[in-house]
Amino acid sequence: MTNATGEPAVTRLYARLVVCDAARAVDFYRDALGAEETERYTGPDGTIVHAMLRLGGAAIAVKDADPADPAPTSLGGSPVIMALDVSDADAVAEAMLRRGATVVYPVADQHYGQRGGRLADPFGHLWMISQTIEDLTPGEIQRRTDELFT
């Protein structure tokens, strides 16, 4: 498939989360976030080489760490933040905390019209959980951001 310019087109994009203990991670994402597992492939030793999960209209893949793909916990953390828009940020954060996540930034009303916070899951991945509480224009968000930094 190509796009309007004749260049190859993107047909799908999803995050691939590398973790230690992928089976436990799949359970965590299912129980805490309501993910549905749609695929799972394992190696001869039972490790998960690919599990596809659906979260609402999005998808993520999960796999066990190996020498080629290290988990964030072995690298001192992850610079990537998964942003998850939800209908109730407090409830989702609480569900994650009950299952072993930790608070990086507590859920609170934010200047950009969201109620949200950041959590680290038990596998080293960061999640920004947010819900819209105000419909703001980009100009309003920029004005509030400017005010925040002055």
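Residues numbered from 1 in each chain as written. Predicted model: local features only at pLDDT ≥ 70, side-chain atom pairs only at ≥ 80, totals over all residues. Heavy atoms only, no water.

- As annotated in an unreviewed UniProt entry, the protein chain carries the name Glyoxalase and comes from Streptomyces hawaiiensis.

1. Details of the packing of aromatic side chains
Consideration 1: Summed over all chains, the structure comprises four aromatic pairs.
Consideration 2: Centroid distance F28 to Y29: 5.5 Å. Interplanar angle 75 degrees. Geometry classified as edge-to-face. Both residues of the pair, F28 and Y29, count as buried.
Consideration 3: Ring centres of F28 and F123 lie 5.9 Å apart, and the angle between their planes is 75 degrees; on these two criteria the pair is classed as edge-to-face. Of the two residues, F28 is situated in helix α1 (residues 22–33) and F123 in the loop between β7 (114–120) and β8 (126–132); the sequence distance between them amounts to 95 residues. (Phe/Tyr/Trp six-rings, centres within 6.5 Å; stacked < 30°, edge-to-face > 60°. Buried < 20%, exposed > 50% of the residue type's maximum accessible area, 1.4 Å probe, protein only. Helix = DSSP H or I, 4+ residues; strand = E, 2+ residues; numbered from the N terminus.)

2. Structural notes on the side chain of H125
Consideration 1: Turning to its location among the elements, H125 is positioned in the loop between β7 and β8.
Consideration 2: For H125, a relative accessible area of 8% translates into the label buried.
Consideration 3: A polar atom in the side chain of H125 sits 2.9 Å from the backbone oxygen of V18.
Consideration 4: If sequence neighbours within four positions are ignored, H125 has contacts with L17, V18, V19, Y29, P72, L119 and A120. (Polar contact = N/O pair within 3.5 Å; in protein donor to acceptor, adjacent residues only side chain to side chain. Contact = heavy atoms within 4.5 Å.)

3. What about the domain arrangement of the protein chain?
Consideration 1: Looking at the protein chain, the domain boundaries give domain 1 (1–66) and domain 2 (78–143).
Consideration 2: Its C-alpha centre places domain 1 at a distance of 21 Å from the equivalent point of domain 2.
Consideration 3: On the side of domain 2, 13 residues touch domain 1, which itself brings 15 residues to the contact.
Consideration 4: Carbon and sulfur atoms supply 79% of the area buried between domain 1 and domain 2, which totals about 1100 Å² over both sides.
Consideration 5: Taken together, domain 1 and domain 2 are joined by three residue pairs in polar contact (both at pLDDT 80 or more).
Consideration 6: Elements with a contribution of two residues or more to the side of domain 1 that touches domain 2: β1 (15–19) and α1.
Consideration 7: Here the side of domain 1 that touches domain 2 gets seven residues from one element, more than from any other, and that element is α1.
Consideration 8: Of the residues assigned to the side of domain 1 that touches domain 2, the class counts are 12 nonpolar, no polar and three charged. (Domains from an automatic or database assignment. Buried area = accessible area lost by both parts, 1.4 Å probe. Nonpolar A, V, L, I, M, F, W, Y, C, P; charged D, E, K, R; others polar.)

4. Focus: the environment of V107
Consideration 1: Tracing the chain through its elements places V107 in strand β6 (residues 102–109).
Consideration 2: On the basis of relative accessibility, which here comes to 19%, the residue V107 falls in the buried class.
Consideration 3: Between the C-alpha atom of V107 and that of P70, which follows or precedes it by 37 residues, the distance is 29 Å.
Consideration 4: Look past the residues within four positions of V107 in its chain and what remains in contact with it is A89, D90, A93, R115, G116 and G117.

5. Re the pairing of strand β2 (residues 36–42)
Consideration 1: By the bridge criterion, six bridges tie β2 to strand β3 (residues 48–55) in an arrangement that is antiparallel. Following the sheet pairing, R40 is matched in β3 by A51. (Pairing = 2+ DSSP bridges.)

6. Digging into the pattern of salt bridges
Consideration 1: Inspection of every chain in the model, using the stated rule, returns 10 salt bridges.
Consideration 2: D27 is the partner of R30 in a salt bridge, and the nearest nitrogen-oxygen pair spans 3.0 Å. Here D27 and R30 lie together in helix α1, a separation of three residues that amounts to about one turn.
Consideration 3: In this structure R30 comes out as partly exposed when scored by relative accessible area, which is 40%.
Consideration 4: Residue classification places D27 among the partly exposed residues on the basis of a relative accessible area of 32%.
Consideration 5: The partner of D31 in a salt bridge is R30, and the shortest N-O contact between them spans 3.3 Å.
Consideration 6: Each member of the salt-bridge network shares a partner with another, and the members are D27, R30 and D31. (Salt bridge = Lys/Arg side-chain N within 4 Å of Asp/Glu carboxyl O.)

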